[in-house]
Amino acid sequence: MFNYRNKTNVQTPNIIGPDNNLQNNNFNTGIKKNSVSFWTRTSKETGLEEQKLMFEQEHEIKKFFASDVIYKVRIEIVQRFSDNNSVETEITYANTGNQNLGNFIGYTFRNLTFNNSFNNKIISKNAEIRSLGNNRGLFAFNKDLGTNIEFDLASQDSSPFAWKLSSNKPSYFNGSKSFYKNNSEANFKNIFDQGYKTSPDPGIGQSFPDPKLKTIMMATKDKPLNIGDTTKLVYSTKFNVTGKMQPNIKLNNDLIDQKPIFLENNVEKFLLKGSWFDYKSTHIDFLYTIDDNNTNAAKPLFSVNQTELDRDAGINHDWQKEINISNLTPGLHRIRLLARSFVKNEDGSTTEFQSETHQVEIYIKSEATTKPYLSILAPASDTFPDSPYQVSSDKLNISGFWLDSDSKKGNLYYQLDKGKKVLFSQDAPNVTPGRPVQWHLKNLSIAHISDTDFHTLTIYVDDGTGSDEGFDFFLFHRTKGLFRIVAPDSIDFGTIHATNKQHYSCRANLPGSLGVIDYRPNKQSPLTLSLETGELIYTDTEKKEASSLKSSISYKNQFVPNGGKIIIGNTKINTGSSNITWTDFTDHVENNLILNFKHPNIGLNSSMLAKKYQSSWRFVVIETNSI
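Computed from a prediction, not measured in an experiment: that's the story for all the values here.

Chemist: Please clarify how the sheet that holds strand S41 (residues 593–598) should be interpreted in this entry.
Modeler: Strand pairing in a sheet relies on backbone hydrogen bonds. The paired strands run either parallel or antiparallel. Spatially, 4 strands are ordered S32-S41-S37-S38 in an open sheet, and the strand pairing comes out antiparallel. Two strands close off the open sheet at either side, each with one partner strand: strand S32 (503–507) and strand S38 (558–561). Neighbouring strand axes in the sheet, compared pairwise and without regard to direction, differ in orientation by 25 degrees on average. In the sheet, strand S37 (residues 551–555) pairs with S38 via 4 bridges, with the strands oriented antiparallel.

Right, here's the structure in full:
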């Protein structure tokens, strides 16, 4: 946005960011402060929290005899957490103004300073940054705290187009100077410079050219961003607090992202690979188990050494090793891997330290038989009464595979507890008999289950003859947790044939249910559902212009302009109850939410000016006592 205000060469644009306050009555270019919002929710896929920060940057040019020119971009930053201690950050840049942007680049910055959370002592001088190797990204470590953070900048579909290390400050949002410079290690040369993404990599565990630089700067590829268009930047991080005495090992992503890894039944060796570092020992041993969660019974896999200099610097080392799986039977197997080191104490005794345990799942295919075979693999492959799958939403997504050596088709069914069998895939093709065929059962509703008892979902496959059938079961129970909104994707206020100089009111219509599911145990207060509205915008794609509709919203005795917040209502609870409850607000909204507006084109022929106005609104739920 700043380059539309202070224009420079297209190849070296000026930039600013949210920590820069511009003067001259234009404070929105760095950040439009009233646009900032922060959201959290529980992921349906992982059951863990997701966070979203959203704000706008805007440069507006007032016109006295024409529509205002508005350059505006909405930035959404989403963090998704996983159970392996990694975080995926997805940044979406959307053109929400009324002007096309001929050249657009989205930037993001991450400072790599380590802080002691107990006394806020900044110890950035002890933070060192090294390469992950092969232009994959970098890792920063602090040997005094025993911490390590990795930045994967190459594995995502929307990984940064360019990345490099910048200054030792938390940000580079200056605005008074060009972000781009020639012959500077801390700057890109121009918008085509991809920095460390394409420059010769120093090698895994090695320093970048200027060790004083402590900020990662990342950028999307330069492209036009027309009205309504978006572009993304995605990267992932993994933060390890291992303690400076423990060895740290990592498996490559291709081993942990696939659950499980399918192997033919004649495979005898399986290759494990990853990286390791250790702050205290020059020698570590790798150990493993197969189908045994007792790591005390782990067998030696191999041993490695490092120099004292590598030890003191916490240098990452690559490793790989094959293990023998020739004696494993067809089916699912779990390989667990850990490392240990021994440190001599001042009194001459020796202390053993172990890394965290990593797990790889492999599935050895069976030799196909004439009887159909089926296996459930996700969201969990093995569930038992002592380890059922925990569900925190009202839908299940189940997948797996089936195989048959002589049938061309198969029928798949599901059965919930002792209910009837329901066909969900008829005549599924078995193109190559004897090879696994994937199946998916998506968005199976369990909203009717309000208890936390164990429940069984059984998946069946038959070959159409009625005589042969394979099956697998999935044991789950609902968990007590927080709460979530179930909401439709849109609110439709209909089509209005408007006449000049008249006011109109339109009642809302919801294409789906609106409600709140409350998983909280020992409920003490209701939940409050609200609706945050926004301006209704019409976009003329031919003229490349946008205009807003002057309107207001009323709900019962509330009356707010567009962009305001409506309180829909509170959930009903029985104080102290731990039952999962559903409060439906669909009828409340359809009967009481009204859009009021005046015809926007006084004196013009309405029949020639059909327009469709749209906006992004959000339903929000919070605990009543936190308002």
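Chemist: Mind showing me how you'd approach the pairing of strand S20 (residues 331–344) here?
Modeler: Along a regular strand, successive side chains alternate from one face of the sheet to the other. Across the 14 residues that make up S20, a large majority, 11, are buried. Of the strand pairs in this sheet, strand S17 (residues 283–290) and S20 are connected by 7 bridges, and their pairing is antiparallel. When the sheet's bridge partners are listed, Ile284 is paired in S20 with Ser341. Across 7 bridges, the pairing between S20 and strand S22 (residues 358–364) is antiparallel. Bridge pairing links His333 to Ile362 in S22. Of the strand pairs in this sheet, S20 and strand S21 (residues 350–354) are connected by 5 bridges, and their pairing is antiparallel. Bridge pairing in S21 places Ser341 opposite Phe353. Between S20 and S21, which follow one another and run antiparallel, lie 5 residues, and Gly348 among them has a positive phi close to 95 degrees.

Chemist: What is the right way to read the packing of aromatic side chains from this model?
Modeler: Here a ring pair, both rings aromatic, is described through the centre-centre distance and the interplanar angle of the planes. Applying the stated rule across the entire model yields 21 aromatic pairs. Where Phe302 meets Trp319, the ring centres are 5.7 Å apart and the plane angle is 40 degrees; that geometry is what we call tilted. Of this pair, Phe302 sits in strand S18 (residues 299–305) while Trp319 sits in strand S19 (residues 317–324), and the two are 17 residues apart along the sequence. When its relative accessible area of 15% is taken as the criterion, Phe302 is described as buried. Take Trp319: its relative accessible area is 6%, and that puts it in the buried class. On the basis of an interplanar angle of 45 degrees and a centroid distance of 6.2 Å, the ring pair of Tyr373 and Phe401 is categorised as tilted. Taken together, the residues Tyr373 in strand S23 (residues 373–378) and Phe401 in strand S25 (residues 395–403) connect sequence positions 28 residues apart.

Reading the values: rules and limits
Residues numbered from 1 in each chain as written. Predicted model: local features only at pLDDT ≥ 70, side-chain atom pairs only at ≥ 80, totals over all residues. Heavy atoms only, no water. Pairing = 2+ DSSP bridges. Helix = DSSP H or I, 4+ residues; strand = E, 2+ residues; numbered from the N terminus. Axes fitted to C-alpha atoms, helices over the stretch in contact; angles between N-to-C directions. Buried < 20%, exposed > 50% of the residue type's maximum accessible area, 1.4 Å probe, protein only. Phe/Tyr/Trp six-rings, centres within 6.5 Å; stacked < 30°, edge-to-face > 60°.

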